[in-house]
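# Reading the structure
Residues per chain, in single letters:
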Amino acid sequence: SSSSSSWDPSVSLETVRATVDSFAAERGWHKFHTPRNLMLALVGEIGELAEIFQWKGDDGAAPNLPAFTDEERKHVGEELS
């Protein structure tokens, strides 16, 4: 079965860029999309993700996150979305 979040190889990076650009333009967000603001927003999001992994040790980042509970895996997915 097909999922709305499944990979579509026909979608190019340029298509994604144009879609995001249009989304931001419709909302008047371009004035906020300066390199400084984007970097600070990214750092904040990375911090939230890093917090989940902080005390898991090196094994915590193993494929499929075996040291994580289902709830923690869900949280990782939410932060990555």
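Just so it is clear, the model here is predicted, and its values are computed rather than measured.

This paragraph deals with the pattern of salt bridges. Following the criterion strictly, the structure yields 4 salt bridges and no others. We note a salt bridge from Lys 56 to Glu 72, for which the minimum N-O separation is 3.0 Å. On the criterion of sequence distance, the pair formed by Lys 56 in the loop between helix 2 (35-53) and helix 3 (70-80) and Glu 72 in helix 3 is long-range, its members being 16 residues apart. The class for Lys 56 is partly exposed, based on a relative accessible area of 23%. Asp 70 is the partner of Arg 73 in a salt bridge, and the nearest nitrogen-oxygen pair spans 2.9 Å. With Arg 73 and Asp 70 both in helix 3 and 3 residues apart, this pair spans about one turn of that helix.

What counts and what doesn't
- Residues numbered from 1 in each chain as written.
- Predicted model: local features only at pLDDT ≥ 70, side-chain atom pairs only at ≥ 80, totals over all residues.
- Heavy atoms only, no water.
- Salt bridge = Lys/Arg side-chain N within 4 Å of Asp/Glu carboxyl O.
- Helix = DSSP H or I, 4+ residues; strand = E, 2+ residues; numbered from the N terminus.
- Buried < 20%, exposed > 50% of the residue type's maximum accessible area, 1.4 Å probe, protein only.

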